[in-house]
Amino acid sequence: MKLAVGISGASGVELALRFMENLPACIEVFVILSPHAKQVARQEMGLDLKQALLDLPRVPRIFQHHQIDAPLASGSFGLHALAIIPASLNIIAKIAHGICDDLLSRCAAVVLKEQQKLLLAPRELPLNSIALNNLLILAKERAIIAPPMLTYYTKPKDLKSMELFLVGKWLDALGIANDLYSRWGG
């Protein structure tokens, strides 16, 4: 499976790192970094995002937002899914309205046209009607709208267990088996 992970400039960049840490080894991983993601990671966590990606147990192939000629920008590359974690309202608006002026928005358009999976984890609270309409447009195009929502039925002990629940739900949505959280009734 070829999976791209887009990291946009919304709060919660740590969730993208946790997601990639928990991907099975059989998945080929590509990352698309927005310049705002780097800035948010530095401001929120004092983190050099590119270095954090290089420090992952399995280093993904990293692309920058301006690399519009990257292989991921073509349907013939055969990308199976794109997960944008976190998804800023800016990238959601661009995708919803067909604006493909950087690699992340172009890759999302390609995934949608190829009828592959697009998972969006919007990070904003509260949402106004513009954001909700953009999400509705994308849901009608079969995008998976999966904001990082808190859970209590799994009886989380700390932030890490809450993050693992979110990652597990995102993996479920992409059809990737995992045992990162306690299932209901289990």
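Residues numbered from 1 in each chain as written. Predicted model: local features only at pLDDT ≥ 70, side-chain atom pairs only at ≥ 80, totals over all residues. Heavy atoms only, no water.

(A) Region of the structure containing the overall build of the chain. Check the secondary structure of the chain and you find seven helices and six strands. In the chain, the succession of α and β elements from N to C terminus is β-α-β-α-α-β-β-α-α-β-α-β-α. The globule rule puts the C-alpha radius of gyration for 186 residues at 16 Å, and the 16 Å found for the chain is close to it. Taken along the three principal axes of its C-alpha coordinates, the chain extends 45 × 40 × 35 Å. Among the 186 residues that make up the chain, the fraction classed as buried is 47%. Restricting the contact set of the chain to residue pairs at least 6 apart, pairs at least 24 apart contribute 75%. In the structure as shown, the chain presents an accessible area of about 9300 Å², 54% of it carried by carbon and sulfur atoms. (Helix = DSSP H or I, 4+ residues; strand = E, 2+ residues; numbered from the N terminus. Rg over C-alpha atoms; globule rule 2.2 N^0.38 Å. Buried < 20%, exposed > 50% of the residue type's maximum accessible area, 1.4 Å probe, protein only. Contact = heavy atoms within 4.5 Å. Areas by Shrake-Rupley, 256 points an atom, 1.4 Å probe, with all protein chains shown as cover.)

(B) Broad picture of the packing of helix 4 (residues 89-96) against helix 6 (residues 129-140). In the contact formed by helix 4 and helix 6, the axes pass within 9 Å of each other and the chain directions differ by 50°. One way to sum up the angle between helix 4 and helix 6 is to call them oblique. Seen from above, helix 4 lies across helix 6 with left-handed handedness. Where helix 4 approaches helix 6, its residues Leu89, Ile92, Ala93, Ile95 and Ala96 are matched on the opposing element by Ala131, Asn134, Leu135, Ile137 and Leu138. (Axes fitted to C-alpha atoms, helices over the stretch in contact; angles between N-to-C directions. Parallel < 35°, antiparallel > 145°, perpendicular 65-115°, else oblique. Left-handed = near helix turned anticlockwise from the far one by under 90°.)

(C) Fine view of the pattern of salt bridges. Taken as a whole and assessed by the stated rule, the structure comprises seven salt bridges. With a closest N to O distance of 3.6 Å, Arg18 and Glu14 form a salt bridge. In this pair, Arg18 and Glu14 both sit in helix 1 (residues 13-21), four residues apart, roughly one turn of the helix. On the accessibility criterion, Arg18 (12% relative accessible area) is buried. Asp102 is the partner of Lys94 in a salt bridge, and the nearest nitrogen-oxygen pair spans 2.7 Å. By relative accessible area, which is 12% here, Lys94 ends up buried. Through salt bridges that share partners, Glu14, Arg18, Glu21 and Glu163 make up one connected network. (Salt bridge = Lys/Arg side-chain N within 4 Å of Asp/Glu carboxyl O.)

(D) Spatial organisation of the nonpolar core. If you look at the biggest cluster of nonpolar residues, it comprises 36 residues, and the most contacted ones within it are Ile7, Phe19, Met20, Leu53 and Trp170. Among the elements of the structure, strand 1 (2-7), helix 1, strand 2 (28-33), helix 2 (35-45), helix 3 (49-54), strand 4 (81-87), strand 5 (117-122) and helix 7 (159-173) are those that each provide at least two residues to this core. Looking at this core element by element, the count peaks at six residues for helix 1. If near-sequence neighbours (up to four positions away) are discounted, Ile7 is found in contact with Val13, Ala16, Met20, Val31, Ile32, Leu33, Ser34, Ala37, Leu49, Leu53, Ile85 and Pro86. (Core = buried A, V, L, I, M, F, W, Y, C linked by side-chain atoms within 4.5 Å.)

(E) Broad picture of the UniProt feature "domain: Flavoprotein" (unreviewed entry) in the chain. Per the UniProt annotation, the sites labelled "domain: Flavoprotein" (unreviewed entry) are residues 1-174. Segment residues 1-174 splits into 41% helix and 18% strand. End C-alpha atoms: 11 Å apart. (UniProt positions renumbered as here; feature names shortened; annotations may be inferred.)

(F) Fine view of the environment of Phe165. Structurally, the position occupied by Phe165 is in helix 7. Discounting chain neighbours no more than four positions away, the residues touching Phe165 are Met149, Thr151, Tyr153, Thr154 and Tyr181.

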